[in-house]
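Each chain, written out:
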Amino acid sequence: MKSIPPYHNRPWFIETSFPGVRRCKKDAFLIGKEIFKGKSDFQDIYIFESPGFGRILVLDGIIQFSQSDEFIYHETIAHVPLLSHPSPKRLLVVGGGDGGVLREAVKHPLAELYQVEIDRKVVALAKKHLPFVSRGAFSDKRFSISFEDGRKFIKRYKDFFDVIVVDSTDPVGPGKVLFQGDFYKTVFEALTSDGIAIFQLGPFLDFDLIVKPTARKLTPYCRYVHPVRLPMPSYSCGCEYCFMIASKKIDPASIPPSVIAKRLKERLGTKASSLKYYTPPMHLASMVMPRMWQL
Ligand code: SAM
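Predicted model, so just to flag it, every value in this text is computed and none were measured.

Rules used in this analysis
Residues numbered from 1 in each chain as written. Predicted model: local features only at pLDDT ≥ 70, side-chain atom pairs only at ≥ 80, totals over all residues. Heavy atoms only, no water. Helix = DSSP H or I, 4+ residues; strand = E, 2+ residues; numbered from the N terminus. Buried < 20%, exposed > 50% of the residue type's maximum accessible area, 1.4 Å probe, protein only. Contact = heavy atoms within 4.5 Å. Polar contact = N/O pair within 3.5 Å; in protein donor to acceptor, adjacent residues only side chain to side chain. 1 Å grid on protein atoms, 1.4 Å probe; cavity = no way out; pocket = protein on both sides within 12 Å on 5 of 7 lines; lining within 4 Å. Points joined across faces, edges and corners; volume = space filled by probe spheres on them. Nonpolar A, V, L, I, M, F, W, Y, C, P; charged D, E, K, R; others polar. Domains from an automatic or database assignment.

S.K.: Can you help me understand unusual backbone geometry in this one?
M.R.: Excluding glycine, most residues fall at negative phi; most peptide bonds, likewise, are trans. A positive phi angle is found at Arg135, which is not glycine, with a value near 45°. Note that Arg135 resides in the loop between α4 (131-134) and β9 (143-147). Overall, Arg135 belongs to the exposed group, its relative accessible area being 54%. Backbone geometry at Asp159 places phi at a positive 50°, although glycine is not the residue there. Inspection of the secondary structure puts Asp159 in the loop between α5 (150-154) and β10 (161-167). We classify Asp159 as exposed; its relative accessible area is 52%.

S.K.: Hey, could you run me through helix α3 (residues 120-129) in this one?
M.R.: Residue pairs three or four apart in sequence face the same way in an α-helix, which turns once every 3.6 residues. Those residues of α3 that sit buried are Val122, Val123, Leu125, Ala126 and His129. The inward-facing, buried residues of α3 contact β3 (33-39), β4 (44-50), β5 (54-59), β8 (112-117), α4 and β9. Looking at where α3 begins, the residue whose side-chain oxygen comes 3.1 Å from the main-chain nitrogen of Lys121 is Asp119.

S.K.: Mind showing me how you'd approach the side chain of Gln200 here?
M.R.: Looking at the secondary structure, you find Gln200 in strand β11 (residues 191-203). On the basis of relative accessibility, which here comes to 3%, the residue Gln200 falls in the buried class. A distance of 2.5 Å separates polar atoms of two side chains, one belonging to Gln200 and the other to Tyr241. Those residues in contact with Gln200 that sit more than four places away from it in its chain are Tyr73, Ile77, Val166, Asp167, Ser168, Thr169, Asp170, Phe179, Tyr241, Cys242 and Phe243.

S.K.: Would you take a moment to explain empty space enclosed by the protein for this structure?
M.R.: Left-over empty space is what a probe sized like a water molecule reveals as it rolls over the atoms. Scanning all chains against the criterion turns up 4 cavities of 30 Å³ or more. Taken as a whole, the largest cavity encloses approximately 410 Å³ of empty space. For the largest cavity, the lining is made up of 34 residues, of which Leu59, Gln64, Asp167, Ser168 and Thr169 are closest to its centre. Those elements giving two or more residues to the lining of the largest cavity turn out to be β5, β6 (62-66), α1 (70-84), β7 (90-95) and β8. With 4 residues, β6 is the largest single contributor of residues to the lining of the largest cavity. When the residues that make up the lining of the largest cavity are grouped by side-chain class, the tally is 14 nonpolar, 12 polar and 8 charged. Two domains each provide a minimum of three residues to the lining of the largest cavity, namely domain 1 (11-66) and domain 2 (70-293). Roughly 60 Å³ of volume is contained in the second largest cavity. Lining the second largest cavity are Gln43, Leu59, Asp60, Ile62, Gln64, Thr169, Asp170, Val172 and Pro174. Split by domain, the lining of the second largest cavity shows at least three residues from each of two domains, domain 1 (11-66) and domain 2 (70-293).

Here is the structure:
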């Protein structure tokens, strides 16, 4: 029988730590095949294939998703806010250049979908090398995209979007501005009076460092602020990852599962069978926290 070459002799990708946050742990992924390695005007971009995780997108040394678990992230960040809203018509995605949020959002009967992404190159490379993420969603007739800084874009809108999904990189590089207090203020000005926003945030391991301070920045602008938990096996987070949902009028954590189930059926119809992670009970379960992670 042919022996498998020892793992330590093969090339590994070792994830970057971002300063001041990660502890003494780094994740390593066996590199099966390099797909793209280069730079844009904003960040380093690396796409590779790992035998365990499939294709992986890395920006500035940090894993954005893997082929094997991106559906958990994208279904949660899109359907939790959209199905918490009684009748969303206009959606904005900030960041999200891979098209995963958009892929899930186009399943809803929205009237208009907007996206603002700083890096044109991420979108082009994702369409070419990671088509399983967007699955054609960039061509949806209701959709338009602007290539600029999300913080500048959003300042032009007041009382306009029903749902805003901030699918940014981490608070280093171009994504840094999307974690600052004045950005949260502009998000809430851009939302309608019953609007809901969700922000990609960080690992629960950094609860005191990231999760709590973000909640504090959001509470002046909205009545309901909840962490939303999800597993992300490809992330350096000890497996529990966290978004933050913030809502002006509706409490996303106290909508009965029967209401969520009715909305899912009415809005997605047969498209609901494409979901692999999101269900109405998971919607609520994602906002149930252990004692130490309660705000
Ligand atoms: N799932 C991801 C993660 O792990 O954080 C995020 C996915 S998505 C690839 C993040 C996108 O946000 C990138 O394409 C990046 O170019 C974009 N981005 C970063 N800063 C931005 C800004 N200031 N305005 C708009 N888009 C931004």
